[in-house]
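Survey of secondary and tertiary structure
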Amino acid sequence: LEPIILFLIIFIWTPSHFWALSLYKTDDYKKAKIPMLPITSGVKTTKFNIFIYSIILFPTVLSPYFFNFSGLFYLNLAIIMSGYYILIAYKLLKEKNSIKEKKLASKLFGYSILYLFMIFVFILIDKII
C-alpha cells in the first residue's frame, strides 16, 4: 500500500505542477505549437483544473498518516504545506490580471517543486523520529 500511496501523491501532484508551468509559458508553448491545456481549453479552465487538483492532492498527501506509515510530525507539516499550495492555487484561480496571473503561476510552479520534495523529506524524517 505504501508504494501505491507514494505513486498517487506524485500522480495527482503532476497536473497542477505542469499546468502552472504551461500558464507561465503559454506564449512559448503557443509558438512551438505544443497543445498544452491553456492553449487547447483556455486560461480559465486551466486555473480551475489547477485548483481542483490542489484540493484532490490534499487528502492524498495526508493518506500516509491515515494508513499508519507516518506520524504527527508528517501530518502537521503536510497540512501546512498543502494549505499553502491550495492558497496559491486559489489566488491564481481568482486573479484576473494576466501579468499577476503569470507571476502566481510561476510562484505555484516553483512552490510545487519544493512541495513535492519536502513532502517526501517529511516522510523520511518522520520515519527516523
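Residues numbered from 1 in each chain as written. Predicted model: local features only at pLDDT ≥ 70, side-chain atom pairs only at ≥ 80, totals over all residues. Heavy atoms only, no water.

Another point: unusual backbone geometry. Residues other than glycine seldom take positive phi values, yet Lys 33 does so here, at roughly 60°. Mapped onto the secondary structure, Lys 33 falls in the loop between helix H2 (26-31) and helix H3 (37-40). Residue class for Lys 33 comes out exposed when judged on its relative accessible area of 74%. The phi dihedral of Asn 68 falls on the positive side, at around 60°, and the residue is not glycine. Looking at where Asn 68 falls in the secondary structure, it is placed in the loop between helix H4 (43-66) and helix H5 (72-94). (Helix = DSSP H or I, 4+ residues; strand = E, 2+ residues; numbered from the N terminus. Buried < 20%, exposed > 50% of the residue type's maximum accessible area, 1.4 Å probe, protein only.)

The next point concerns the environment of Val 61. By secondary structure assignment, the location of Val 61 is in helix H4. Using a relative accessible area of 0% as the deciding quantity, one classes Val 61 as buried. Separated by 21 residues in the primary sequence, Val 61 and Ser 82 have C-alpha atoms spaced 7.9 Å apart. Not counting residues within four places of it along the chain, the set of residues in contact with Val 61 comprises Ile 9, Tyr 74, Ala 78, Ser 82, Tyr 115 and Ile 119. (Contact = heavy atoms within 4.5 Å.)

Turning to the packing of aromatic side chains, a few remarks are in order. To describe a pair of aromatic rings, you give the distance between the ring centres and the angle between the ring planes. As enumerated under the stated definition, the model contains 9 aromatic pairs in all. The interplanar angle of 80° and the centroid separation of 4.9 Å between the aromatic rings of Tyr 84 and Tyr 111 together place this pair among those described as edge-to-face. Taken together, the residues Tyr 84 in helix H5 and Tyr 111 in helix H6 (residues 98-128) connect sequence positions 27 residues apart. Note on Tyr 111: relative accessible area 12%, which makes it buried. Note on Tyr 85 and Tyr 115: the rings are 4.8 Å apart at their centroids and 45° apart in plane angle, and the pair reads as tilted. Separated by 30 residues along the polypeptide, Tyr 85 in helix H5 and Tyr 115 in helix H6 bring together distant segments of the chain. (Phe/Tyr/Trp six-rings, centres within 6.5 Å; stacked < 30°, edge-to-face > 60°.)

For H5, with 23 residues, the first-to-last C-alpha span of 33 Å sits near the 33 Å given by 1.5 Å per residue. Residues of H5 that are buried include every one of Tyr 74, Leu 75, Ala 78, Met 81, Ser 82, Tyr 85, Ile 86, Ile 88, Ala 89, Leu 92 and Leu 93, and no others. Where H5 is buried, its residues meet helix H1 (2-24), H4 and H6. (Expected span 1.5 Å × (residues − 1).)

Taking 1.5 Å per residue as the helical rise, H6 with its 31 residues ought to reach 45 Å, and the 44 Å between its terminal C-alpha atoms agrees with that figure. Within the span of H6, buried status applies to Glu 101, Leu 104, Ala 105, Leu 108, Tyr 111, Ser 112, Tyr 115, Leu 116, Ile 119, Phe 122, Ile 123 and Asp 126. Contact partners of the buried residues in H6: H1, H4 and H5. Between a side-chain oxygen at the N-terminus of H6 and the backbone nitrogen of Ile 99 the separation is 2.8 Å; the capping residue is Asn 97. (Polar contact = N/O pair within 3.5 Å; in protein donor to acceptor, adjacent residues only side chain to side chain.)

Let us look at the nonpolar core. By size, the foremost hydrophobic cluster in this structure holds 33 residues, and its most contacted members are Ile 50, Val 61, Tyr 74, Leu 108 and Tyr 115. Contributions of two or more residues to this core are made by H1, H4, H5 and H6. Looking at this core, the element that brings in the most residues is H5, giving 10 residues. When neighbours within four sequence positions are excluded, Tyr 74 is seen to be in contact with Ile 9, Val 61, Pro 64, Ile 119, Phe 122, Ile 123 and Asp 126. (Core = buried A, V, L, I, M, F, W, Y, C linked by side-chain atoms within 4.5 Å.)

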